[in-house]
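As a plain string of letters, each chain reads:
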Amino acid sequence: ILHRRPVMAFLPVKQETFLSDLRCHEIIDRLEESVFVIDPDKPEKAPPGFHFNGMRFNDEWRFSLSAGRSNNFLPLTSLRVVPEHEQCLVSVTYRLFPSSNRSLIIWSVLSIFTFLFFILLHGEWLYGILCISVGVVNYVLTRENFRIQVGKTRAVLHRQLVKNDQ
């Protein structure tokens, strides 16, 4: 791995860039074999053999791990490949889906406002602390579940992109 930049932001994001021994066309071939390209108008479950569901744009892939059940913490993975001499530079960004981001923001703002409501308007410290505590627990659980799902997605992705010369 060439570069892994930790991003400290309110919304969970993980980025990494690595240099692959494979050429870019080989990586694209492997992505085409493992990413089931979905039609946004009629989404369907990926057939066996595909590890990811997603879409391909000009020079970028966006996909998520193909899960048997719904999971709000699965990362939306964005992947770009750039030719680099005989190798290929792969840039990957993992982030929550927009709906999960919105949910995290809404519940965080709601818990802050209820905290302020109980503390400032009613002087109820116990209720205020309870509200902010629920918000913090929600945030921590979301980040940790996201981290776990990024690890799973990353492991499958790296297995797909590693050169098999055996």
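Residues numbered from 1 in each chain as written. Predicted model: local features only at pLDDT ≥ 70, side-chain atom pairs only at ≥ 80, totals over all residues. Heavy atoms only, no water.

(A) Layout of the overall build of the protein chain. The secondary structure content of the protein chain amounts to three helices and six strands. Mapped in sequence order, the helices and strands of the protein chain form the string β-α-β-β-β-β-β-α-α. Relative to the 2.2 N^0.38 estimate, which gives 15 Å for 166 residues, the radius of gyration of the protein chain is 20 Å and therefore markedly larger than a compact globule would have. If you line up the protein chain on its principal axes, its C-alpha atoms span 65 × 35 × 30 Å. Of the contacts formed within the protein chain by residues at least 6 apart in sequence, a portion of 54% connects residues at least 24 apart. When the accessible surface of the protein chain is summed, it comes to about 10,600 Å², and 60% of that surface belongs to carbon and sulfur atoms. Of the side chains in the protein chain, 19 bear a positive and 16 a negative charge, and the two mean positions are spaced by 6 Å. (Helix = DSSP H or I, 4+ residues; strand = E, 2+ residues; numbered from the N terminus. Rg over C-alpha atoms; globule rule 2.2 N^0.38 Å. Contact = heavy atoms within 4.5 Å. Areas by Shrake-Rupley, 256 points an atom, 1.4 Å probe, with all protein chains shown as cover. Lys, Arg positive; Asp, Glu negative; His and termini not counted. Charge placed at Lys NZ, Arg CZ, Asp CG, Glu CD.)

(B) View of the packing of helix α1 (residues 24-34) against helix α3 (residues 125-161). Closest axis-to-axis distance for the α1/α3 pair is 9 Å, and the angle between their directions is 125°. The pairing of α1 with α3 is recorded here as oblique in orientation. α1 and α3 meet at a crossing whose hand is right-handed. The segment α1 lies against α3, with Ile27, Arg30, Leu31 and Ser34 engaging Leu157, Gln160 and Leu161. (Axes fitted to C-alpha atoms, helices over the stretch in contact; angles between N-to-C directions. Parallel < 35°, antiparallel > 145°, perpendicular 65-115°, else oblique. Left-handed = near helix turned anticlockwise from the far one by under 90°.)

(C) Highlighting the sheet that holds strand β2 (residues 35-37). In spatial order, the strands read β1-β6-β5-β4-β3-β2; together these six strands make up an open sheet with mixed pairing. Looking along the sheet, the strands with just one partner apiece sit at the ends: β1 (13-20) and β2. Sheet twist, expressed as the average angle between the axes of neighbouring strands with direction ignored, equals 30°. In this sheet, strand β4 (residues 60-65) lies alongside strand β3 (residues 52-56) in antiparallel orientation, the contact comprising five bridges. Note that in β4 the partner of Gly54 across the bridge is Phe63. Where α1 meets the sheet, it contacts β1, β2, β3, β4, β5 (75-84) and β6 (87-96), and its direction lies at approximately 155° from that of β5. (Pairing = 2+ DSSP bridges.)

(D) Expanded view of the packing of helix α2 (residues 98-121) against α3. At their nearest, the axes of α2 and α3 sit 7 Å apart, and the two run at 165° to each other. Here α2 is positioned roughly antiparallel relative to α3, judged by the angle of their axes. Handedness of the α2/α3 crossing: left-handed. Packed against α2, whose contacting residues are Leu104, Trp107, Ser111, Ile112, Thr114, Phe115, Phe118 and Ile119, the element α3 presents Trp125, Tyr127, Gly128, Ile129, Cys131, Ile132, Gly135, Asn138, Tyr139 and Thr142 at the interface. Grouping the constituent residues of the contact of α2 with α3 by class yields 12 nonpolar, six polar and no charged. (Nonpolar A, V, L, I, M, F, W, Y, C, P; charged D, E, K, R; others polar.)

(E) Representation of the packing of aromatic side chains in the model. Scanning all chains against the criterion turns up five aromatic pairs. Ring pairing ties together the aromatic residues Phe117, Phe118 and Tyr127, which thus form one cluster. (Phe/Tyr/Trp six-rings, centres within 6.5 Å; stacked < 30°, edge-to-face > 60°.)

(F) A look at the state of the cysteines. For the structure on display, the rule yields one disulfide. Note on cysteine connectivity: Cys24 is disulfide-linked to Cys88, with sulfurs 2.3 Å apart. Disulfide Cys24-Cys88: torsion about the S-S bond near 95°, hence right-handed. One end of the pair, Cys24, is in helix α1; the other, Cys88, is in strand β6, and 64 residues separate them in sequence. What makes Cys24 buried here is its relative accessible area of 12%. Owing to a relative accessible area of 0%, Cys88 belongs among the buried residues under this scheme. (Disulfide = S-S within 2.5 Å. Buried < 20%, exposed > 50% of the residue type's maximum accessible area, 1.4 Å probe, protein only.)

Keep in mind these values describe shape, not function.
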